[in-house]
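Fold and geometry: a report
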Amino acid sequence: MDRGPGDDAADRHERLLAALYGRGDLVLLRSDAGVSELAGRTAPLRIVLVTAADDAPADQLRARIAPLVKAARLGGPPTHFVLVGGGAAAGRAALAGAAPFVQPVRMGFHHVDAAGALARVKGPALPALDEAAARLADAAPLGPEALAGALAEGRALAQTERAIVDRLTGSRRVTAVIVIACAALLAVSYAFGSGTHEMALWRMGANSGEAVRRGEVYRLLASAFLHADPVHLFVNMLALWSFGPMLEALFGPRRYLLLYGASALGGSLASNLLDDRWSVGASGAIWGLMLAGIGVALRPHGLLPPAMIAQMRSRAWWPLGLNLAYSFQPGVDLLAHLGGGVVGFALVVTVLPRGLTPVEQRARPTDAEPRPRPLLSAAAALTAAAMALSVVVALAAGRPWELAAPPALTRTAVGDTGVALDLPQAAVEAAAVEDLEGVRFYTYGRLPETTVMFQLAIFPLPGEVPPDQLDELLEQERRTLDERRPAGAVAKGPATRVTLGGRPAVSVRNELPNGVQVVSTIVVLGDKEVVLQAYSTKDRPASWAGIEDKVAATLGSP
């Protein structure tokens, strides 16, 4: 090392450097102009030694060390800055002033004064530095040959790590295709006109336990390519681009595809444990990738050098903690996250990395596999086909392009009640009958599978209501509808007397706590009182406007 400012300080610098390097667990990356930089061989650590004249003032000392502090990169290893030289007060003031309030990495600041005493000024202690300082008086500086050898070893290690990093950033084709597919499907979901987006997502394959149990298994994978809105897409694709390329390069595109597909499937299956909701998003698969990265850090299978693994372990947990906290927010599918994460982690710590060539032994970034593997290629091809086919089948089965068209109504008899009405064909195909507290309810449609769900209850009257009593009966029902609204519902106006299909009726509109709109209509047909309730979400096609009154106007005989 060339002599820096202040020969005594430079001598202490050389002795401290020799004591640190002599431990055997550090490599020397740089030693010139009064600055030496060491890095851990197997642990994430960086030590920067800076020489300064013993009589230098605090502002000069700070100016010397500040550029080195600013050069620290976000996500790098913990870094300790050691100022060798300067008076005790001036050195400590300079180091305290150079320490940033927001640190890109964990930092420690230490000072070695003219007497060779080490003091921790700010940040955590470093036992290796304490031990080296204790041997400072007995340590002999590295000779020219030893110093040259140490620098050559450090440069070789740094070159190897740079080559590994280059290989781990050189493959992202599969990740790019997934991003493009997700963005394209979001655009498609918005392409069917105003008020159709939520229904389009359902018809394009949104995940639902109830629908999957009815046989619509394509939703398990198709839903992983759908997103609720541009913000949802952006957040997920940003996370995918953060985790994906490195894992794609590490495992190769075929194993990476298997990892992504299995994680997406695991997330969807876990989400299906909740029967009362449906979901979309790639977050289950992305959690699989995130936990796969943690799996590599904990059980690397020899794929990466120990120093890189140690650095991965040191920073692998904060994304998990951050994403886990976010997963408990309302509307976030926690089970999908956990399901995908468990699958991804389990694959990486068990079978997925077996037989891969360590990254530092690969001549090219694409040389992950030491030999052709036909079965692996077939499995990856099947995974890709299953994901692509799930999207195609979802589109063919759901026919989202029909959403913008006005609904076609079909005359439908309500059981054997002697009542009929015109209903959308999709609602008729999802008919159900249920007895609740002695009342039979006829339901047509199922939210969100159909745009509107209609439910009828028919109550017999003692006889046909005379015209002079009908007005009184309807007025009584109007007051009842005003006074007895659903629990937690928001009134969208008072109950009113209306004429539907030439018949007097009563109608009221409410909004349930979950945002569902409910239109309740009461019509008297001879000796029967018919209560018709129509449920819909706010997000529905403009062509369906007024469908509740149109259907109610068709109430009559079969």
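This one's a predicted model, so the numbers in the text were calculated from it and none came from an experiment.

1. Comments concerning the packing of aromatic side chains
In this description, a pair of aromatic rings is defined by centroid distance and the angle of the planes. Under the definition given, this model contains two aromatic pairs. Note on phenylalanine 81 and phenylalanine 109: the rings are 5.4 Å apart at their centroids and 20° apart in plane angle, and the pair reads as stacked. Highlighted residues: phenylalanine 81 in strand β4 (residues 79-84) and phenylalanine 109 in strand β5 (residues 107-112), separated in sequence by 28 residues. No difference in accessibility class separates phenylalanine 81 from phenylalanine 109, as the two residues are buried. Judged by centre distance (6.0 Å) and plane angle (80°), the ring pair of tryptophan 202 and tryptophan 278 falls under edge-to-face. Taken together, the residues tryptophan 202 in helix α7 (residues 197-203) and tryptophan 278 in strand β8 (residues 278-279) connect sequence positions 76 residues apart.

2. A short note on helix α15 (residues 374-398)
Here α15 spans 36 Å end to end across 25 residues, near enough to the 36 Å set by a 1.5 Å rise per residue. Taken together, the buried positions of α15 are Leu376, Ala380, Thr383, Met387, Ser390, Val391, Ala394 and Gly398. If you follow the buried residues of α15, they end up packed against α6 (173-189), α7, α9 (219-222) and α10 (230-271). In the stretch just after α15, arginine 399 is the one whose phi turns positive, near 45°.

3. With respect to the confidence of the model for the protein chain
Residue-level pLDDT values for the protein chain average 89, and 98% of them are 70 or greater. When the elements of the protein chain are averaged for pLDDT, helix α12 (residues 306-315) gives the smallest value, 75, and α9 the largest, 96. Counting interchain partners and residues more than four positions distant, the pLDDT-below-50 stretch residues 1-6 has 15 contacts.

4. Concerning unusual backbone geometry
Proline 448 follows leucine 447 through a cis peptide bond whose omega is 0°. Within the secondary structure, proline 448 sits in the loop between β12 (439-444) and β13 (452-460). The phi dihedral of histidine 301 is positive, around 55°, even though this residue is not glycine. Mapped onto the elements of the fold, histidine 301 is located in the loop between α11 (283-298) and α12. Looking at histidine 301, the relative accessible area reads 32%, which means it is partly exposed. Positive phi is not limited to glycine here, since glutamate 437 has a value of about 50°. Tracing the chain through its elements places glutamate 437 in the loop between β11 (431-436) and β12.

5. Considerations on the pairing of strand β1 (residues 26-32)
For β1 and strand β2 (residues 35-40), the ladder comprises six bridges, and the chain directions are antiparallel. Of the residues in β2, the one forming a bridge with serine 31 is serine 36. As consecutive antiparallel partners, β1 and β2 are separated by two residues, and within that stretch alanine 33 has a phi angle of approximately 50°, a positive value.

6. Observations concerning α12
Every α-helix carries 3.6 residues per turn, so stepping three or four residues along brings you back to the same face. If you check which residues of α12 are buried, you get Ala307, Met308, Ile309, Ala310 and Met312. Buried residues in α12 make contact with β2, α5 (144-168), α10 and α11.

7. Some words on the packing of α11 against α12
In contact at an axis separation of 8 Å, α11 and α12 are set at 130° when each is read in the N-to-C sense. Between α11 and α12, the angle is such that the two are oblique. Along this stretch, α11 crosses α12, giving a crossing that reads as left-handed. In contact with Gly293, Val296, Ala297 and Leu298 of α11, α12 contributes Ile309, Met312 and Arg313. In the contact of α11 with α12, the residues fall into five nonpolar, one polar and one charged.

8. Quick notes on the nonpolar core
Ranked by size, the top nonpolar core spans 57 residues in total, and within it Phe251 and Leu304 carry the most contacts. Of all the secondary-structure elements, those providing two or more residues to this core are α5, α6, α7, α9, α10, α11, α12 and α15. The biggest single contributor to this core is α10, with 13 residues.

9. Re the sheet that holds β2
The strand order across the open sheet formed by six strands is β1-β2-β3-β4-β5-β6, and the pairing between neighbours is mixed. Looking at which strands have only one partner, the edges of the open sheet turn out to be β1 and β6 (118-122). If you compare each strand with its neighbour and ignore which way they point, the axes differ by 20° on average. Taken together, the six bridges between strand β3 (residues 46-51) and β4 define a ladder with parallel strand orientation. What sits directly across from threonine 51, in β4, is valine 84. On top of the sheet, helix α2 (residues 58-70) reaches β1, β2, β3, β4 and β5; it is set at about 155° to β3, its chief contact.

10. Focus on the packing of α10 against α11
Orientation of α10 relative to α11, taken along the N-to-C sense of each, is 105°, at an axis distance of 8 Å. As far as their axial angle goes, α11 and α10 are roughly perpendicular. Class assignment for the residues of the contact of α10 with α11 results in 16 nonpolar, eight polar and no charged.

11. Brief notes about the layout of surface pockets
One number sums up the size of the second largest pocket: a volume of about 570 Å³. Along the walls of the second largest pocket sit 24 residues, with Arg203, Arg399, Glu402, Ala426 and Glu429 positioned nearest its centre. Its residues assigned to classes, the lining of the second largest pocket comprises twelve nonpolar, four polar and eight charged.

12. Observations concerning the side chain of serine 507
Among the structural elements, serine 507 can be located in strand β16 (residues 503-511). Excluding its chain neighbours within four sequence positions, the residues that come into contact with serine 507 are Pro494, Ala495, Thr496, Val498, Val519, Ser520 and Thr521.

Rules used throughout
Residues numbered from 1 in each chain as written. Predicted model: local features only at pLDDT ≥ 70, side-chain atom pairs only at ≥ 80, totals over all residues. Heavy atoms only, no water. Phe/Tyr/Trp six-rings, centres within 6.5 Å; stacked < 30°, edge-to-face > 60°. Helix = DSSP H or I, 4+ residues; strand = E, 2+ residues; numbered from the N terminus. Buried < 20%, exposed > 50% of the residue type's maximum accessible area, 1.4 Å probe, protein only. Expected span 1.5 Å × (residues − 1). Contact = heavy atoms within 4.5 Å. pLDDT = per-residue confidence, 0-100. Pairing = 2+ DSSP bridges. Axes fitted to C-alpha atoms, helices over the stretch in contact; angles between N-to-C directions. Parallel < 35°, antiparallel > 145°, perpendicular 65-115°, else oblique. Left-handed = near helix turned anticlockwise from the far one by under 90°. Nonpolar A, V, L, I, M, F, W, Y, C, P; charged D, E, K, R; others polar. Core = buried A, V, L, I, M, F, W, Y, C linked by side-chain atoms within 4.5 Å. 1 Å grid on protein atoms, 1.4 Å probe; cavity = no way out; pocket = protein on both sides within 12 Å on 5 of 7 lines; lining within 4 Å. Points joined across faces, edges and corners; volume = space filled by probe spheres on them.

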